Amino acid sequence: MPIAFLRKIAVFLFFVFLSLVALCVGLGLVFYSSIEEGLPSIESLKHYRPPVVTTMYGADGSIIAEFYHQRRYIVPFREIPRHVKQAFLAAEDARFYEHPGIDIWGIIRAAIVNIRAGTIVQGGSTITQQVVKALLLSPERTLRRKLREALLAYKIDQTLSKDEIFNIYLNHVYFGAGAYGVEAAARVYFGKHVQDLTVAETAMLAGLPKAPSRFNPYKNPKAARARQLYVIRRMEEEHFITPEEAAQARKAPLITRNRMTDSLPHLNHFVEYLRQKLIDQFGEKTFYEDGLQIYTTLDPRAQALAQDALIKGLKAYDKRHGFRGPKRILTKDEIQRWKANASTKHTGPTKIGKTTEALVISQDDRTRTFQLLIGKSVAWLQKDGWKWTGYSYRSLKRILPPGAIVDVVPKRKVNNEWIVNLDQTPEVEGAVLCVNPHTGEVLCMVGGKDFSKSQFNRVTQPKRQPGSAFKPIIYSVAIEQGFTEASILVDSPVIRPDPSLQGPWKPANYDGKFMGPVTLRKALALSRNVVAIKLLDTVGIEPVISYARKMGIMSHLTPTLSLALGASGVSLWELAHAYTTFANSGSTPVFRCITRILDRDGKTIMQTMPESRPVLSPETAYIITDMLKAVIREGTGRYARRLKRPAAGKTGTTNDFRDAWFMGYTPDLFVGIWVGYDNYGKSLGKNETGGRVACPIWTDFMIRWCKGKPIKDFPTPSGIVFVRVNLGNNEGIKFLPFKIGYVPKILSDVNKVAPHREQESDESSIYKSELF
């Protein structure tokens, strides 16, 4: 074959080869461009700011609530213990600090291990690839997505340091049970911080990211244990721990936190109130994802005491009205199923004094005792535990046959059997608001007896008639206009035409009687309705409404004389502003539930300071306080004398006993109580007044709250003098406070009314009740 021909063939083949190479390079570039096209930017990883938990703190610094879309707490890389980092390297990517983001040898090794094991034991994805998968790409499983993942991993490895990538991984990866990041996982599974984890605990957590559901220790404890042992072995193989440490970790008991418990208190109306307000202010995304640190005024002890006092008071009221019967009565088949499921559905009483559900299984006529089951524990309901029902044993026996489900409260345990009291959940509702009158700080807010069953906030939402609890506002206007405690009005019938009624309006007192001439002091103490109506008529309806507005009552107030009887609905929140005005020397405080808010970087983005607006003179406020002290000493609030320290307050009861109020305060604390049914048409029952229903709740709370605190009296303003006055009419001689310049010159002057001094009504000066 001629050399020239061979040369031509060689040249031809060379050009074919070059063409093929060029084609392959071109196709490769096209393929690379298609893979790289639309790749997400890795700039977000340079400024890693994932969704984190927003935390709410009480006044004592304790955590009272957390809010999140993803439960994550960012921990700086330097604060994560070495053995924690090593556990994740052993489990996921031992060559992380050696490869460029993708590990070819790791993929080959994982394939060999998986073939030998006959199942997927190791994965080929590096930690960097898992970061890409979690933050930058969709979870679809295609070759193209896998190649894009590898390309991004390589780019990230060239852009960020290894520690930065590892830190993102540890703080971002999902561990199951709602936990994102290693700190959240430590809290959720072990109830501790990542810095406190043992090697055994860390090994279990390090095994979770591969398959959080499959290796969840709550759902699959055997699989979780096997995965933990695998991680411990890998840590030993990589020489992260010694054989002795590995053996110790294998033997260490693994005590996971009970997932049915929570280290945080249950949510309450205070927390929910703030949640709604802050979402309105910052938006839902910022509130749930930006890691706000919200410092509140809530005193957890006050909240707990108020909740307990309310439940105790509502139960006392409820028991006065008898036993409503069992919650339900089971059939024989249902009884057997109940007993069979007792170990799983009924855990028994967790502690003495806690209401729990029980099944009646028999009755003992000789001892008049009912035998019950609480879960699988035997309990006995003796006579002293059911006598409050008002039923005889024979009657109650018919009401509580075997199969009846009832609520009981364990009292004590004898020979491993419970002695219980019969209980029932009150249908009536109530609310408690506790405020520092000088700073406006809301110490507690209980908007109902059980937040888990009703999030309706009865402190802020419903408008209920305050009844006589509105009267002090009228009296304060009278004192401002020149009346004194010793001023006299006649408690006698009032008849006014009223087109809305079938006949004239004839308001009456609670007892249906009239006392004749009576001092304002006694009229308020005894809550005389007719005197309040005449006083309102004298001082003027418009001035009273104007002052009420300045004190923070924004609800519509009907401009009629029925205003004196508290006929216009207001919220407990609003009425509390008026009473804190009296307690705060005449200045209405701005109520606040938050002291400050920090962003995730610790920068203050909101801060509040005590604010108040002068409405009444300090002298008027002091005189009203003195009159309200008489309500407790000798009037409708006498139950509160049990507090045995200076206090002022006022009862309130509405028509047909639909609402019961007690608004009271000491020099440093205001507490308001409301009790009633959510169904406004339902009455509390005859004689269930504010003094009988609400006042005991107030007193119970205050006795426990004030225990150990120094006894203080209300400070006297400089413009007040005390005068010894013989009030007569069974009131006797009293030392009463008067404003300087308004002291009666002679005894007969006590009966004279001072000149009318109505203040101007300026709508721009009306107090605006801020919510937080």
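In case you missed it, the structure is sitting above this.
So, here's what we can say about the structure.

Calculation rules
Residues numbered from 1 in each chain as written. Predicted model: local features only at pLDDT ≥ 70, side-chain atom pairs only at ≥ 80, totals over all residues. Heavy atoms only, no water. Pairing = 2+ DSSP bridges. Helix = DSSP H or I, 4+ residues; strand = E, 2+ residues; numbered from the N terminus. Axes fitted to C-alpha atoms, helices over the stretch in contact; angles between N-to-C directions. Parallel < 35°, antiparallel > 145°, perpendicular 65-115°, else oblique. Contact = heavy atoms within 4.5 Å. Phe/Tyr/Trp six-rings, centres within 6.5 Å; stacked < 30°, edge-to-face > 60°. Buried < 20%, exposed > 50% of the residue type's maximum accessible area, 1.4 Å probe, protein only. Lys NZ or Arg CZ within 6 Å of the ring centre and 35° of its normal. Salt bridge = Lys/Arg side-chain N within 4 Å of Asp/Glu carboxyl O. Expected span 1.5 Å × (residues − 1). Polar contact = N/O pair within 3.5 Å; in protein donor to acceptor, adjacent residues only side chain to side chain. Core = buried A, V, L, I, M, F, W, Y, C linked by side-chain atoms within 4.5 Å. Left-handed = near helix turned anticlockwise from the far one by under 90°.

## Side note on the sheet that holds strand β5 (residues 179-180)
- Within the open sheet, the three strands sit side by side as β3-β5-β4. Their pairing is mixed. Sheet topology places β3 (71-72) and β4 (174-176) at the edges, where each strand pairs with a single neighbour.
- As judged from the two bridges shared by β3 and β5, these two strands associate in the parallel manner. Its bridge partner lying in β5, R72 is registered against Y180.

## What to know about the packing of helix α10 (residues 221-237) against helix α11 (residues 243-251)
- Two elements in contact, α10 and α11, have axes separated by 9 Å at closest approach and are oriented at 170 degrees. Here α10 lies roughly antiparallel to α11, going by the angle between them. Across the interface between the two elements, R225, Q228, L229, I232, R233 and E236 of α10 pack against P243, A246, A249 and R250 of α11.

## A short note on the packing of aromatic side chains
- For the structure on display, the rule yields 24 aromatic pairs.
- Between the aromatic rings of W573 and F591, the centroid separation amounts to 5.2 Å while the plane-to-plane angle is 80 degrees, which identifies the pairing as edge-to-face. Within this pair, whereas W573 is found in helix α23 (residues 572-583), its partner F591 is found in the loop between β17 (587-589) and β18 (594-598), the two being separated by 18 residues in sequence. Each member of the pair, W573 as well as F591, carries the same accessibility label: buried.
- An aromatic cluster is defined as three or more aromatic residues linked by ring pairs; in this entry it consists of F77, F88, F96, Y97, F166, Y169 and F175.
- Residue placement shows K162 over the ring face of F96; its charged tip is 4.6 Å from the ring centre.
- In this arrangement the basic side chain of K682 is found over the ring face of Y677, its NZ or CZ atom lying 4.4 Å from the centre.

## Thoughts on the sheet that holds strand β13 (residues 429-435)
- Within the open sheet, the five strands sit side by side as β14-β13-β23-β22-β21. Their pairing is antiparallel. The two strands at the open ends of the sheet, each matched to only one other strand, are β14 (442-446) and β21 (648-653). In this sheet, neighbouring strand axes are inclined to one another by 5 degrees on average, regardless of whether the strands run parallel or antiparallel.
- Bridge analysis of β13 against β14 gives four bridges, and the strand direction is antiparallel. The residue of β14 that forms the bridge with V435 is V442.

## Comments concerning the pattern of salt bridges
- Considering all chains together, one arrives at 43 salt bridges under this definition.
- For R233, the salt bridge is made with E237, and the minimal N-O distance between the two is 2.7 Å. Residue R233 and its partner E237 are both found in helix α10; the two are separated by four residues, about one turn of the helix.
- In this structure, D659 and R464 form a salt bridge, with 2.7 Å as the shortest nitrogen-oxygen distance. On the criterion of sequence distance, the pair formed by D659 in strand β22 (residues 659-665) and R464 in the loop between β14 and α19 (471-480) is long-range, its members being 195 residues apart. Both residues of the pair, D659 and R464, count as buried.

## Digging into helix α14 (residues 300-320)
- The terminal C-alpha atoms of α14 lie 31 Å apart, and with 21 residues this matches the ideal 30 Å at 1.5 Å per residue to within 8%.
- What α14 keeps buried is the set A302, Q303, L305, A306, A309, L310, G313, L314, Y317 and D318.
- A distance of 2.9 Å separates the backbone nitrogen of R301 from a side-chain oxygen at the start of α14, and that oxygen is part of D299.
- Looking one or two residues past α14, G322 carries a phi angle of roughly 90 degrees, positive in sign.

## Observations concerning unusual backbone geometry
- For A177, which is not glycine, the phi dihedral falls at a positive 55 degrees.
- Mapped onto the secondary structure, A177 falls in the loop between β4 and β5.
- Residue A177 is classed as partly exposed on the basis of its relative accessible area of 42%.
- Located in the positive-phi region is H239, a residue other than glycine, with phi close to 60 degrees.
- Examined against the element boundaries, H239 turns out to sit in the loop between α10 and α11.
- Given the relative accessible area of 71%, H239 is considered exposed.

## Concerning the environment of E731
- Within the secondary structure, E731 sits in the loop between β24 (720-726) and β25 (733-739).
- Looking at E731, the relative accessible area reads 8%, which means it is buried.
- Residues contacting E731, with those up to four places away along its chain left out, are T519, R521 and K522.

## Points about the nonpolar core
- In this structure, L433 and F701 are the most contacted members of the largest nonpolar core, which totals 118 residues.
- If we skip the residues at most four places from it in the chain, F701 touches A302, L305, A306, A309, C434, L669 and V671.
- A153, F175, A184 and A249 belong to the second largest nonpolar core, which has 55 residues in total.

## Here's the deal with helix α22 (residues 541-550)
- The element α22 is largely enclosed, with a buried count of nine among its ten residues.
- Along α22, the residues classified as buried are I541, P543, V544, I545, S546, Y547, A548, R549 and K550.
- Looking at the packing, one finds that the buried side of α22 touches α19, α21 (529-539) and β17.

## Looking at the packing of helix α8 (residues 182-190) against helix α9 (residues 199-206)
- Orientation of α8 relative to α9, taken along the N-to-C sense of each, is 110 degrees, at an axis distance of 11 Å. Between α8 and α9, the interaxial angle falls into the category roughly perpendicular. For the element pair α8 and α9, the recorded crossing hand is right-handed. Within the contact between the two elements, α8 uses A185, A186, Y189 and F190 and α9 uses E201, M204 and L205.

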